[in-house]
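Survey of secondary and tertiary structure
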Amino acid sequence: MPVLIGTTHDEYTLFAATQFLKNGRMPDYPAELAAMFGADSGRIAQQYPVTRYDNSALAFAAVVTDDVFACATNTMAKGLSRDADVYGYEFNDRNAPAPELLRTVPFPVGASHSLELRYLFDVVGAPPLNSAQQKLSDEMIGYWSGFVATGAPRAHGALDWPAFDGTDGPWMSLQTPEVRTFTQFADDHQCAFWASR
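Heads up: these notes are all about the structure in this document. (Residues numbered from 1 in each chain as written. Predicted model: local features only at pLDDT ≥ 70, side-chain atom pairs only at ≥ 80, totals over all residues. Heavy atoms only, no water.)

On to the overall build of the chain, then. Counting its secondary structure elements, the chain contains nine helices and four strands. When the helices and strands of the chain are placed in sequence order, the string is β-α-α-α-α-α-β-α-α-β-β-α-α. Over its C-alpha trace the chain gives a radius of gyration of 17 Å, about what one expects of a compact globule, namely 16 Å for 197 residues. Reported as C-alpha extents along the three principal axes, the dimensions of the chain are approximately 50 × 40 × 25 Å. (Helix = DSSP H or I, 4+ residues; strand = E, 2+ residues; numbered from the N terminus. Rg over C-alpha atoms; globule rule 2.2 N^0.38 Å.)

Here it is, written out as structure tokens:
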């Protein structure tokens, strides 16, 4: 049975934003890492320095996104591709319209958890899409419809979406202004580092 599997590029930023809204401050990065990863937290902090991400919320969001979501999705895609056609995607519209409350935090939520749903469904109260985002929405709906109908995400007039090769993809980056295929998903999310833990 074919599989369509994916994640969002900035999955955990939604949760980092809700924590900021609840607490009114940026997280204590070393304490958050220690609570989640124990003795491994120092090594993770070196791999994901706050200076690379502008603030502790985005650094912690990158850690959790990569470890819990992106690399787990990569592992599942590789495993499933041994027995079925697998089509992997990453929703990566870094300017996806977010609910108003999420736009009040002092960092961008980017392509976060659930923001891709607005591209596939009518979400009551969701901010409108701009023209490039509407084009991406039309393509995504076409891909999903093609997958349901045929077992392969094919959409009229859209970029061909190749099946996962079992190693590095290719993945489909669902982004504006143009979707693209890429093979750096595991590198982008530092999956070799997470596999070494």
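With that settled, the discussion passes to the packing of helix 2 (residues 29-37) against helix 5 (residues 56-80). In helix packing, the relevant descriptors are the interaxial angle and the interaxial distance, both defined with respect to the helix axes. At their nearest, the axes of helix 2 and helix 5 sit 9 Å apart, and the two run at 20° to each other. Viewed along their axes, helix 2 and helix 5 adopt a mutual orientation that is roughly parallel. Handedness of the crossing formed by helix 2 with helix 5: right-handed. Contacts from Tyr29, Glu32, Leu33, Met36 and Phe37 of helix 2 reach helix 5 at Ser56, Ala59, Phe60, Val63, Val64, Asp67 and Val68. (Axes fitted to C-alpha atoms, helices over the stretch in contact; angles between N-to-C directions. Parallel < 35°, antiparallel > 145°, perpendicular 65-115°, else oblique. Left-handed = near helix turned anticlockwise from the far one by under 90°. Contact = heavy atoms within 4.5 Å.)

Spatially, four strands are ordered 1-2-3-4 in an open sheet, and the strand pairing comes out mixed. Each of the sheet's edge strands pairs with one partner strand only, and the pair in question is strand 1 (3-8) and strand 4 (180-182). If you compare each strand with its neighbour and ignore which way they point, the axes differ by 30° on average. In this structure, strand 3 (residues 171-174) lies alongside strand 4, joined through three bridges in antiparallel fashion. Looking across to strand 4, one finds that tryptophan 171 is bridged to phenylalanine 182. In this fold helix 5 packs onto strand 1, strand 2 (86-91) and strand 3, with an angle of close to 165° to the strand it touches most, strand 1. The sheet contacts of helix 7 (residues 131-150) involve strand 1, strand 2 and strand 3, and relative to strand 3 the element is tilted by about 145°. (Pairing = 2+ DSSP bridges.)

To continue, consider the environment of alanine 163. For alanine 163, the position within the fold is in the loop between helix 7 and strand 3. Under the relative-accessibility criterion, alanine 163 is labelled partly exposed at 27%. Taking the C-alpha atoms as reference points, alanine 163 and valine 3, separated by 160 residues in sequence, lie 9.5 Å from one another. Setting aside anything within four residues of it in sequence, one finds alanine 163 in contact with Asp85, Val86, Tyr87, Gly169 and Pro170. (Buried < 20%, exposed > 50% of the residue type's maximum accessible area, 1.4 Å probe, protein only.)

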